[in-house]
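Take a look at the letters that make up each chain.
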Amino acid sequence: MKKNFILITLMLLLISNVFAEKNIISVFKDSKNTTDLKKYLEDGLKELNIDITKEIPKENISIINYILKFAYENNIHKMRNENDNVVYTKETGEEAVFNKNGDLVTNDWNQGSFNYGKYEQPINKFLLDIWPWLVWGNTKNDPTTFDERFYYYCMDLDPGIQEYIFLEDKSLLEKIEYSELKEEEKLVYHFFNYLFFNEKFKYKLDERNIKKYKKSAENYWKYLSQIMELSGYKQ
């Protein structure tokens, strides 16, 4: 009887650890096998125990929208140690990437692609350009994995977060009503609300902590490292 109890306890601990280890890159690791982008995002959010029926605070929506406006596609074209690549994008959507020698980058993971969305409409851009890239890669022959792509995307989120932190008049942020959003847009906001405003974070993206982030890069890293850990990257 005692042996059975110990065995059951160990099994329960193992199950709880499996659930505790769920993170963004573990949930979306088999991304290239999906065919339905919206359902894949929705199912992933549910697997992360995100209540997609719950309304997101207006302030959070405004902040997310602002941060994503500055998440330019720079680092996502520097994958696999091609750190000197430079990205050029036209207003009409064409994109080209050049290496440190000035040569056009044509490999499957860093080459330029056509952009359907605009930074001025960041949620739409995420749905049209970023999410398909995160899920499927740059081309059908792109050898990178979701976790590689998401890591470099997080690096492109960093400047946007800093733009918000150093924004002096935060009352000027665009006001967006959750009830007026499309279902796909709501899913994107839930994804980033989980990423930027996670309830488990010790260091929040609030005014009290923002003052500390402005004073010290070390303090800011305490916030940013939480995002990386939440995504599934070990520090």
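Parameters at a glance
Residues numbered from 1 in each chain as written. Predicted model: local features only at pLDDT ≥ 70, side-chain atom pairs only at ≥ 80, totals over all residues. Heavy atoms only, no water. Core = buried A, V, L, I, M, F, W, Y, C linked by side-chain atoms within 4.5 Å. Buried < 20%, exposed > 50% of the residue type's maximum accessible area, 1.4 Å probe, protein only. Helix = DSSP H or I, 4+ residues; strand = E, 2+ residues; numbered from the N terminus. Contact = heavy atoms within 4.5 Å. Pairing = 2+ DSSP bridges. Axes fitted to C-alpha atoms, helices over the stretch in contact; angles between N-to-C directions. Parallel < 35°, antiparallel > 145°, perpendicular 65-115°, else oblique. Nonpolar A, V, L, I, M, F, W, Y, C, P; charged D, E, K, R; others polar. Polar contact = N/O pair within 3.5 Å; in protein donor to acceptor, adjacent residues only side chain to side chain. Phe/Tyr/Trp six-rings, centres within 6.5 Å; stacked < 30°, edge-to-face > 60°. Lys NZ or Arg CZ within 6 Å of the ring centre and 35° of its normal. Patch = residues over 30% accessible without salt bridge, like charges linked within 9 Å, V, L, I, M, F, W, Y side chains within 5 Å. Areas by Shrake-Rupley, 256 points an atom, 1.4 Å probe, with all protein chains shown as cover. Salt bridge = Lys/Arg side-chain N within 4 Å of Asp/Glu carboxyl O.

Draft legend 1. Structural detail: the nonpolar core. In terms of nonpolar packing, the biggest core is built from 63 residues, with W131, F150, Y153, I161, F192, F196 and L205 touching the most fellow members. Mapped by element, the contributors of at least two residues to this core are α2 (24–27), α3 (37–47), α4 (58–69), α5 (122–136), α6 (146–165), α7 (183–196), α8 (207–215) and α9 (217–231). Of the residues forming this core, the biggest block, nine residues, is contributed by α6. The residues contacting F196, other than those within four sequence positions of it, are I64, I67, L157, I161, F201, L205, Y223 and I227.

Draft legend 2. How the structure looks around the pairing of strand β2 (residues 95–98). What you see with β2 is a clean split: E95 and V97 sit on the buried side and A96 and F98 on the side with no burial. Bridging between strand β1 (residues 86–89) and β2 involves four bridges; their strand directions are antiparallel. The residue of β2 that forms the bridge with V87 is V97. Connecting the antiparallel pair β1 and β2 is a turn made up of five residues, with G93 showing a positive phi of about 110°.

Draft legend 3. Spatial organisation of the packing of α7 against α9. Taken N-terminus to C-terminus, the directions of α7 and α9 make an angle of 120°; their axes are 9 Å apart at the nearest point. Taken as axis vectors, α7 and α9 run oblique relative to one another. Residues Y194, L195 and F196 of α7 lie in contact with α9, whose contacting residues are Y223, I227, L230 and S231. Counted by class, the contact of α7 with α9 contains six nonpolar, one polar and no charged residues.

Draft legend 4. Region of the structure containing the side chain of T34. Following the sequence through the fold, T34 ends up in the loop between α2 and α3. Engagement of the side chain of T34 in a polar contact is seen with the backbone nitrogen of D36, the distance being 3.5 Å. When neighbours within four sequence positions are excluded, T34 is seen to be in contact with Y40, V135 and W136.

Draft legend 5. Structural context of the packing of aromatic side chains. Counting across every chain of the model gives 26 aromatic pairs. Taken together, a centroid distance of 5.2 Å and an interplanar angle of 65° make the contact between F28 and Y40 edge-to-face. One end of the pair, F28, is in the loop between α2 and α3; the other, Y40, is in helix α3, with 12 residues separating them in the sequence. Judged by its relative accessible area of 0%, F28 falls in the buried class. On the basis of relative accessibility, which here comes to 14%, the residue Y40 falls in the buried class. The interplanar angle of 55° and the centroid separation of 5.0 Å between the aromatic rings of Y66 and F70 together place this pair among those described as tilted. Three or more aromatic residues link up through ring pairs in this structure, and these residues are F28, Y40, F126, W131, F146, F150, Y153, F191, F192 and F196. Between K125 and the ring centre of Y119, over which it is positioned, the NZ or CZ distance is 4.8 Å. Above the plane of the ring of Y164 lies K170, whose end atom (NZ or CZ) is 4.9 Å from the centre.

Draft legend 6. Molecular detail of a nonpolar patch on the surface. Together, F114, Y116 and L128 make up a nonpolar patch on the protein surface, roughly 330 Å² of accessible area in all. With respect to the helices and strands, the residue L128 is situated in helix α5.

Draft legend 7. Fine view of the pattern of salt bridges. Scanning the entire structure with this criterion turns up 10 salt bridges. With a shortest N-O distance of 3.6 Å, E174 and K69 are connected by a salt bridge. Separated by 105 residues along the polypeptide, E174 in the loop between α6 and α7 and K69 in helix α4 bring together distant segments of the chain. Judged by relative accessible area, E174 falls into the partly exposed class, the value being 41%. Note on K69: relative accessible area 25%, which makes it partly exposed. Ionic pairing is found between E183 and K186, a salt bridge with its closest N-O pair at 3.6 Å. Of this pair, E183 and K186 are both found in helix α7, three residues apart, which corresponds to roughly one turn of the helix. On the accessibility criterion, K186 (14% relative accessible area) is buried. Among the charged side chains, a network of salt bridges with common partners joins K38, E42 and K46.

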